[in-house]
Amino acid sequence: MSTENLPQSPDSPSRKPRVAVVFGGRSSEHGISVVTAGAVLKAIDRSRYDVLPIGITQDGRWALTADEPERMAIAERRTPTVDQLAESTEGAVVLPVDPADREVVYSEPGSVPKALGEVDVVFPVLHGPYGEDGTLQGLLELSGIPYVGSGVLSSAVGQDKEYMKRVFTSFGLKVGPYLVIRPREWARDAAAARKKIVDFAGEHGWPLFVKPARAGSSIGITKVDDLSGLDDAIAEAQRHDPKILVEAALRGREIECGVLEFEDGPRASLPAEIPPPDAHAYYDFEAKYIDSTPGVVPAPLTDEETAEVRRLAVEAFDAASCEGLVRADFFLTEDGEFVINEINTMPGFTPISMYPQMWQATGVGYQELVDLLIQAALRRSTGLR
């Protein structure tokens, strides 16, 4: 591959900040991450920032990709991949390991490595393990490069639904009934582990939701209506994560709320309601991204309910020590109580995703939202803070 058209390091000391948009990754949410990156690349103000798109393939290679967001959209009900966008099948992008040096290097077998210039901030739009879960954040901390979104601990807490619920409970936020089955329990006595789930259903009733403990975008989740569907649901969840979470169904309305970090602290958006999708058993991956089931923004709540869910969303943001952005998901139960289901530290971020839509309704458009997140990251240092 020729390196003539690669991004060059600006010579001017007054150069624009360079934003590396990192996307793709090794998780099952690879495709939607690519779609998200296309929307972010299209929204970044090129008069204010230089941009360096870096895709991580499904096998973990960091690839230089073309800055062509129009190629990063869902087509024929299929999500794109980094391999389709990579400039080379072998070339690799390497981040610095010295915090005093933010220069990114591109190398190909048999060629002299090419300096791509310094990166001032990383916008990681990775979803799921190996990107949203604190692993990438740890790498960026070691490299000394500021980044959009939460740090190592809060990213890990936000990815692991078990420990997320434990943190929320310790801060007085109400969560629904749940059960965790760890890999060692399956290995030690699979029948006993399964019986725990059956006993949980006996206590809380059917249906149950069986899901990977550390995945997102509703991937690997099964709504189980009775005992006959349990084994298949367990197998599906374990395809994505050896640790699984079982949740009792909560009867109520699904309400979401966005949190965004401003200079004076986090603020909550107007909430949205997710109505039950007609063609799906629940709000699953296809309902969210393929069929684009619309949410209702703002949610038809009373003023008191709106104020309460916004307050609770910021409480959840603070409880997990989050930074940058969070989408907080709640159930409004039949007795009028908000129960938090989960937070997402890098929520779906396409223009049709609920997080940007909620902020649009609150008065912050998509391009401004991207800019606010970049500016918040540039204000922060890496390391303990």
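Everything below is about the structure printed above this text.
The notes below deal with the structure included here. These figures come from a predicted structure and were not determined experimentally. Throughout this description, residue numbers start from 1 for each chain and increase along the sequence as written. Per-residue local features are limited, in this predicted model, to residues with pLDDT of at least 70; the limit for side-chain atom pairs, both in listing and counting, is 80 or more; totals at the level of whole chains, interfaces and linings are taken over all residues. Hydrogen atoms and water are omitted, and side-chain values are computed over all heavy atoms in the structure.

**Points about the side chain of Arg 327**
Working step 1: Note on conventions: DSSP H or I runs of at least 4 residues are helices, E runs of at least 2 residues are strands, and numbering of each starts at the N terminus. Secondary-structure assignment places Arg 327 in strand 15 (residues 325–333).
Working step 2: A simple rule labels every residue: compare its accessible area, found with a 1.4 Å probe on the protein chains alone, to the largest value its type can have, and call it buried under 20%, exposed over 50%, or partly exposed in between. Residue classification places Arg 327 among the buried positions, given a relative accessible area of 9%.
Working step 3: Nitrogen and oxygen atoms within 3.5 Å of one another constitute a polar contact, given that in protein one can donate a hydrogen and the other can accept it, and given that sequence-neighbouring residues count only through two side-chain atoms. Of note is the side chain of Arg 327, whose polar atom sits 2.8 Å from the side chain of Asp 329.
Working step 4: Residue contacts are counted whenever heavy atoms from the two residues lie within 4.5 Å of one another. Aside from chain neighbours lying at most four places away, what touches Arg 327 is Glu 256, Cys 257, Gly 258, Glu 342, Ile 343, Asn 344, Pro 347, Gly 348, Tyr 355 and Met 358.

**Section: helix 3 (residues 135–143)**
Working step 1: Listing the buried residues of helix 3 in full gives Leu 136, Gln 137, Gly 138, Leu 140, Glu 141 and Ser 143.
Working step 2: Residues of helix 3 that are buried in the fold lie against strand 3 (62–64), strand 7 (121–124) and helix 4 (152–159).
Working step 3: Positioned one or two residues after helix 3, Gly 144 has a phi angle of 75°, which is positive.

**Focus: the nonpolar core**
Working step 1: In this structure, Val 21, Phe 23, Val 40, Ile 44, Phe 123, Phe 349 and Val 370 are the most contacted members of the largest nonpolar core, which totals 35 residues.
Working step 2: Contacts of Ile 44, omitting those with residues within four sequence positions, involve Val 19, Val 21, Tyr 49, Val 51, Gln 367, Val 370 and Ile 374.
Working step 3: We call a set of buried Ala, Val, Leu, Ile, Met, Phe, Trp, Tyr and Cys residues a nonpolar core when their side-chain atoms join them within 4.5 Å. Counting 28 residues, the second largest nonpolar core, distinct from the first, contains Val 167, Leu 312, Ala 313 and Ile 340.

**Comments concerning the pairing of strand 12 (residues 252–262)**
Working step 1: In terms of residue burial, strand 12 counts as a mostly covered element, since eight of its eleven residues are buried.
Working step 2: Bridge count for strand 12 against strand 15 is nine bridges, and the pairing is antiparallel. Bridged to Glu 254 within strand 15 is Phe 331.
Working step 3: DSSP calls a pair of strands paired once it identifies at least 2 bridges connecting them. Where strand 12 meets strand 14 (residues 272–274), three bridges bridge the pair, whose relative direction is antiparallel.

**Observations concerning the side chain of Thr 65**
Working step 1: By secondary structure assignment, the location of Thr 65 is in the loop between strand 3 and helix 2 (82–85).
Working step 2: Setting aside chain neighbours within four positions, we find Thr 65 in contact with Phe 23, Pro 53, Ile 54, Gly 55, Val 82, Leu 85, Ala 86 and Glu 87.

**Description of the sheet that holds strand 2 (residues 50–56)**
Working step 1: With mixed pairing, four strands are arranged side by side in an open sheet as 3-2-1-7. Both outer strands of the open sheet, strand 3 and strand 7, are each paired with one neighbouring strand and no more. Averaged over all neighbouring strand pairs, the angle between strand axes comes to 30°, with direction disregarded.
Working step 2: Across the face of the sheet, helix 1 (residues 30–43) comes into contact with strand 1 (18–24), strand 2 and strand 7 while running at roughly 155° to strand 1. To obtain each axis, a line is fitted to C-alpha atoms, and for helices this fit is confined to the stretch in contact; angles are then taken between N-to-C directions over 0 to 180 degrees.

**Here's the deal with the environment of Thr 169**
Working step 1: Relative to the helices and strands, Thr 169 is located in helix 5 (residues 161–170).
Working step 2: Spatially, the C-alpha atom of Thr 169 lies 9.9 Å from that of Ile 340, the residues being 171 residues apart in sequence.

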